[in-house]
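Each chain, written out:
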Amino acid sequence: MLDMSSYLGWKIDFANPPGEAALAHPSSVQWRIYKNPVALAIGGVAAVLLEFADARIRSGVWDHSTYKADPVGRSKRTGVAAMVGCYGPASAARRVIQGVTNMHSRVSGETPGGEAYRALDPELLDWVSATAAYGFLNAYDRFVSPVSEADKTRFYQEGAPIAALYGVQNPIASTADFMAMMNRLAPRFEAHPIVDEFLGIITSGQAAPAVPRFLHRALARASVSLLPPAVRQALQLGRDWDLSPTDIIALKLAGKLADRVVPPHAPHTDACLRLGLPADFLYRKPAAQQRLLEAAGLTAPAAARAAQDLNAVDDRRP
């Protein structure tokens, strides 16, 4: 489990101060998807693979972070930053995002091929943001619960204001936007031993020793399965990384279970309490969520209300 209590030396309290809004609304698709640890794990690994396909990002991460010495800790800290951006009080989220940006401002260098890079290069910021959104969303859609095309578009659009705080200039607003960005960068993509080393870390089970190792291997293969074919081919991730029927069954069971069990003191449950909502708000049906939002004085944005109305109709169908 991630330690969500601090980041960059700042204490993070998802339950306080009472009433302070998050950067994303509790009716958002972002809140629905980020609560699921299975989707976050699979999607996060997929995002790293997409990023590591580009030598500039691969070199920046490997040469300027603690990934080589402490890959698990580095990954967990990235998870904390994602959680605070979605669920944390807005003031805490802005503080953490500014801290990340300040660190990135000091990251620059050259790839082994001699190409200069800067972490704050707009093209790299855009791609990193796009890969995270694509990974988390598609992991949830594939291994937890199907997401409608309308809700996929909402998910991307809801993330744009948060991405802008990181310096993202061209946030994706749809799957088509992601594919277009990927196609522009595709000539740069290449296989590299660092990709294999990273996948070895994931399959080793270092991140969660109590979890059976076969699930770690399944998670890695699931992440590879989310890669568009052109990226997987460029990274030379062949049939050894194909999902087995057993992998799919195990991961879907884990994903669905995680979407039904309400964990105590998780970022999303504490965030609900902070806003005057019950801890299990995100596990209730859309019609019930809408009533709770109204009772708490948290009117959902128009797009969210329309989606909730459609889902409420579906709930009433026999």
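Rules behind the numbers
- Residues numbered from 1 in each chain as written.
- Predicted model: local features only at pLDDT ≥ 70, side-chain atom pairs only at ≥ 80, totals over all residues.
- Heavy atoms only, no water.
- Helix = DSSP H or I, 4+ residues; strand = E, 2+ residues; numbered from the N terminus.
- Buried < 20%, exposed > 50% of the residue type's maximum accessible area, 1.4 Å probe, protein only.
- Contact = heavy atoms within 4.5 Å.
- Phe/Tyr/Trp six-rings, centres within 6.5 Å; stacked < 30°, edge-to-face > 60°.
- Lys NZ or Arg CZ within 6 Å of the ring centre and 35° of its normal.
- Core = buried A, V, L, I, M, F, W, Y, C linked by side-chain atoms within 4.5 Å.
- Salt bridge = Lys/Arg side-chain N within 4 Å of Asp/Glu carboxyl O.
- pLDDT = per-residue confidence, 0-100.
- Expected span 1.5 Å × (residues − 1).
- Polar contact = N/O pair within 3.5 Å; in protein donor to acceptor, adjacent residues only side chain to side chain.

Caption draft 1: Seen up close, the overall build of the protein chain. From N to C terminus, the protein chain includes 15 helices and 4 strands. Burial statistics for the protein chain: of 318 residues in total, 48% are counted as buried. Across the protein chain, every contact between residues at least 6 apart in sequence was considered, and the portion connecting residues at least 24 apart equals 70%.

Caption draft 2: View of unusual backbone geometry. Look at the link from asparagine 16 to proline 17: it is a cis peptide, with omega at 0°. Residue position: proline 17 is located in the loop between β2 (10-11) and α1 (29-34). Phi angles above zero are rare outside glycine, and glutamine 236 is one such case at about 60°. Judged by its relative accessible area of 64%, glutamine 236 is exposed. Of note, histidine 265 is a non-glycine position whose phi angle comes to about 55°, a positive value. Tracing the backbone through its elements, the reader meets histidine 265 in the loop between α12 (245-258) and α13 (267-274).

Caption draft 3: Just the packing of aromatic side chains, in detail. In this structure the tally under the stated criterion is 9 aromatic pairs. With 5.0 Å between their ring centres and 70° between their planes, tryptophan 31 and tyrosine 87 make a pair best called edge-to-face. Here tryptophan 31 is found in helix α1, whereas its partner tyrosine 87 is found in helix α4 (residues 71-87), with 56 residues between them in sequence. Residue tryptophan 31 shares its accessibility class with tyrosine 87, and that shared class is buried. Taking the ring centre of tyrosine 283 as reference, the NZ or CZ of lysine 35 above it sits at 5.7 Å.

Caption draft 4: The arrangement of helix α14 (residues 286-295) in detail. Taken as a whole, α14 has its buried residues at Pro286, Ala288, Gln289, Gln290 and Leu293. Glycine 297 occupies a position one or two residues after α14 and carries a positive phi of about 75°.

Caption draft 5: Structural context of the environment of cysteine 86. Relative to the helices and strands, cysteine 86 is located in helix α4. Linking cysteine 86 and tyrosine 34, residues 52 residues apart in sequence, is a C-alpha distance of 7.7 Å. Excluding residues that lie within four positions of it along the chain, cysteine 86 makes contacts with Ala22, Leu23, Ala24, Gln30, Trp31 and Tyr34.

Caption draft 6: View of the nonpolar core. Of all hydrophobic cores here, the largest spans 82 residues; its most connected members are Trp31, Ile42, Leu49, Tyr87 and Trp127. At 10 residues, helix α6 (residues 122-143) tops the list of elements feeding residues into this core. The contact partners of leucine 49, leaving out residues within four places of it in the chain, are Val195, Phe198, Leu199, Ser223, Val224, Leu227 and Leu235.

Caption draft 7: Local environment of the pattern of salt bridges. Considering all chains together, one arrives at 14 salt bridges under this definition. Note that lysine 35 is salt-bridged to aspartate 259, the shortest N-O span being 3.1 Å. Taken together, the residues lysine 35 in the loop between α1 and α2 (37-52) and aspartate 259 in the loop between α12 and α13 connect sequence positions 224 residues apart. Judged by relative accessible area, lysine 35 falls into the buried class, the value being 5%. Of the charged contacts, one joins arginine 188 and glutamate 115 as a salt bridge, the two residues approaching to 2.9 Å between their closest N and O atoms. Note that arginine 188 is positioned in the loop between α8 (175-185) and α9 (193-204) and glutamate 115 in the loop between β3 (108-110) and β4 (116-118), a separation of 73 residues in sequence.

Caption draft 8: Expanded view of the confidence of the model for the protein chain. Summarising the model, the protein chain shows a mean pLDDT of 88, and 86% of its residues fall at 70 or more. Here residues 305-318 is a poorly scored stretch, pLDDT under 50, and it has 17 contacts once near neighbours within four places are set aside; other chains count.

Caption draft 9: Seen up close, α2. Across its 16 residues, α2 extends 22 Å between first and last C-alpha, which sits within 8% of the 22 Å expected from 1.5 Å per residue. The element α2 is largely enclosed, with a buried count of 13 among its 16 residues. Its side-chain oxygen 3.0 Å from the backbone nitrogen of valine 38, asparagine 36 forms the N-cap of α2.

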